[in-house]
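Tertiary structure, described
Each chain, written out:
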Amino acid sequence: MKAGIVVFPGINRERDMAIALEQSSGEKPRMVWHKETDLSGLDLVVIPGGFSFGDYLRCGAMAARSPVMTAIHAHAARGGYILGVCNGFQILTEAGLLPGALLRNASLRFLSMDCQLTVERADTVFTKRYQKGQTFRSVMAHGDGNFFADDATLDRLEGEGLVAFRYAGENLNGSARAIAGVYSPNLRVLGLMPHPEDLVDPLMGGTDGKPLFDALAAA
Amino acid sequence: MKATVTVMLKSGVLDPQGKAIAHALGTLGFDNVNDVRAGKVIELDLKETDPAKAQSEAEDMARKLLANGVIESFRVEVA
């Protein structure tokens, strides 16, 4: 599928994301500046990690109100695919495209380390190259990754199968019900805090994140 | 008019920053602190001269940007 990566001021993981997408699809993704408003021709819009607008006010708050977001809302409304990683996940929650919010890590520390993720379902466009219940290695690098939603929302997410990934083992950032990533109701918008794009080549120390990009490339 | 928007985490939402402040106060010997909640104050200088209109405009700004209703509550004071 044709992918685009949205770049906000302060985003710094867009090139890693581009490498991961190109490695799986053989096609360079289009880089979309946050002031652009035309996403036509794109099947997948990726919001990468970083510190958009310096994390001012709240992580992702400014980016979620950028000009490009109107086009991203329209993309979502017509059933387009969206992937938000780290700051991208924060931006998607701030924009109301995914439920909940990402609070300061319960430990108050910036966590930059490996983590283990459990695949909650393997029948989505993002996860079909994984197995349900499989655990894989990923990398977290965030200060605000503590997923929060009220109990009714958490029950709904779990009841409707919209939890994408959970932290296996220690829940270092304090996320509610160890949730690391969630889907939209149509399963076409995924947001997660850890960085699958960090492990897509043996030279990076592993390929545990590659199945996600392979699945997207094949979709 | 000036509008002051105070944004606080809703009760029930963990406030690790408040906890860290409480801990530091304890270290300084302030033993009377039960709990600390940290929030933010945003001061707006508005062109509006009608207090009711300034109030409702600032509340609109708080709902749309200044506060995240999932985790935060806000109050607006106009002067």
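Residues numbered from 1 in each chain as written. Chains lettered and ligands numbered in written order. Predicted model: local features only at pLDDT ≥ 70, side-chain atom pairs only at ≥ 80, totals over all residues. Heavy atoms only, no water.

1. Overview of the overall build of chain A
Here is the rule we go by: Only DSSP runs of H or I with at least four residues qualify as helices, and only runs of E with at least two residues qualify as strands; both kinds are numbered from the N terminus onward. For a compact globule the rule gives 2.2 Å times the number of residues to the power 0.38, and the radius of gyration it is set against comes from C-alpha atoms. For every residue, the accessible area (1.4 Å probe, protein chains only) is compared with the maximum for its type, and the residue is labelled buried under 20%, exposed over 50%, or partly exposed between those bounds. Contacts are assigned to residue pairs with any non-hydrogen atoms lying within 4.5 Å of each other. Per-residue and other accessible areas follow the Shrake-Rupley method at a 1.4 Å probe size, with only the shown protein chains counted as cover for residues. We score Asp and Glu as negative and Lys and Arg as positive, and we do not count His or the chain ends. Think of each charge as sitting on NZ of Lys, CZ of Arg, CG of Asp or CD of Glu.
The number of helices and strands found in chain A is five helices and 11 strands. Here the C-alpha atoms of chain A give a radius of gyration of 16 Å, agreeing with the 17 Å that 2.2 N^0.38 yields for 219 residues. Split into buried and exposed, the 219 residues of chain A put 59% on the buried side. In chain A, once contacts between residues fewer than 6 apart in sequence are set aside, the share between residues at least 24 apart is 72%. Surface accessibility of chain A: about 8,300 Å² in total, with carbon and sulfur atoms responsible for 51%. When the 21 positive and 24 negative side-chain charges of chain A are each reduced to one mean point, those points stand 3 Å apart.

2. A look at the pattern of salt bridges
What counts is decided by this rule: One speaks of a salt bridge when a side-chain nitrogen belonging to Lys or Arg is within 4 Å of a carboxyl oxygen belonging to Asp or Glu.
This model, assessed by the stated rule, comprises 22 salt bridges over all chains. What you see here is one network of salt bridges that share partners, running through A:Glu120, A:Asp151, A:Asp155, A:Glu158, A:Arg166 and A:Arg177.

3. With respect to empty space enclosed by the protein
In this approach a probe as big as a water molecule rolls over the atoms, and the regions it shows empty are the leftover space. Residue and element names in this part refer to chain A. In plain terms, the rule: Here a cavity is any set of points on a 1 Å grid over the protein atoms alone where a 1.4 Å probe fits but cannot get out, and a pocket is any open set with protein on both sides within 12 Å along at least 5 of 7 lines; a residue lines the site when it has an atom within 4 Å of a point. Grid points are joined across faces, edges and corners, and a volume is the space filled by probe spheres set on the points. Gly counts as polar in this scheme, as do all residues outside two lists: the nonpolar Ala, Val, Leu, Ile, Met, Phe, Trp, Tyr, Cys and Pro, and the charged Asp, Glu, Lys and Arg.
Throughout the structure, instances matching the rule amount to one cavity of 30 Å³ or more. Estimated volume of the largest cavity: approximately 90 Å³. As for the largest cavity, its lining consists of 13 residues, of which Met1, Ala3, Leu21, Ser25 and Ala217 are closest to the centre. Broken down by secondary-structure element, the contributors of at least two residues to the lining of the largest cavity are α1 (14–25) and α5 (210–218). A breakdown of the residues in the lining of the largest cavity according to their chemical character gives eight nonpolar, two polar and three charged.

4. A word on the layout of surface pockets
Considered as a void within the structure, the largest pocket measures approximately 460 Å³ in volume. In terms of lining residues, the largest pocket is bounded by 25 residues, among which A:Arg58, A:Arg104, A:Asp144, B:Lys40 and B:Glu72 are the most central. Elements with a contribution of two residues or more to the lining of the largest pocket: α3 (87–94) and β5 (101–103) of chain A together with β1 (2–9), α1 (16–27) and β2 (39–45) of chain B. For the lining of the largest pocket, the per-class residue count stands at 12 nonpolar, five polar and eight charged. Lining the second largest pocket are 16 residues, with A:Gly50, A:Phe51, A:Cys86, A:Phe110 and A:Ala141 sitting closest to its centre. Sorting the residues of the lining of the second largest pocket by element identifies α3 and β7 (135–142) of chain A as the ones contributing at least two each.

5. Some points on unusual backbone geometry
Across residues other than glycine, the phi torsion is negative in most instances, and most of the peptide bonds are trans. Despite not being glycine, A:Asp55 has its phi angle at roughly 60 degrees, a positive value. What makes A:Asp55 partly exposed here is its relative accessible area of 23%.

6. Some details on the packing of aromatic side chains
All names here are of chain A. So the rule is basically this: Centre distance within 6.5 Å is the pairing criterion for rings of Phe, Tyr and Trp, where only the six-membered ring of Trp is used; planes under 30 degrees apart are then read as stacked, over 60 as edge-to-face, and the remainder as tilted.
All told, the structure shown has six aromatic pairs over all chains when counted by the stated rule. Pairing Tyr81 with Phe126 gives two aromatic rings, centres 6.4 Å apart and planes at 85 degrees, and the pair type is edge-to-face. Taken together, the positions of Tyr81 in strand β4 (residues 81–85) and Phe126 in the loop between β6 (111–119) and β7 put the pair 45 residues apart, joining distant regions of the chain. Overall, Phe126 belongs to the buried group, its relative accessible area being 0%. Considering the side-chain rings of Phe136 and Phe165, the 5.7 Å spacing of their centres and the 80 degrees angle between planes classify their relative orientation as edge-to-face. Taken together, the residues span a long stretch of sequence, with Phe136 in strand β7 and Phe165 in strand β9 (residues 163–168) at a distance of 29 residues. Per residue, the accessibility class of Phe136 equals that of Phe165, and both read buried. In this structure an aromatic cluster arises from ring pairing among Tyr81, Phe126 and Tyr183.

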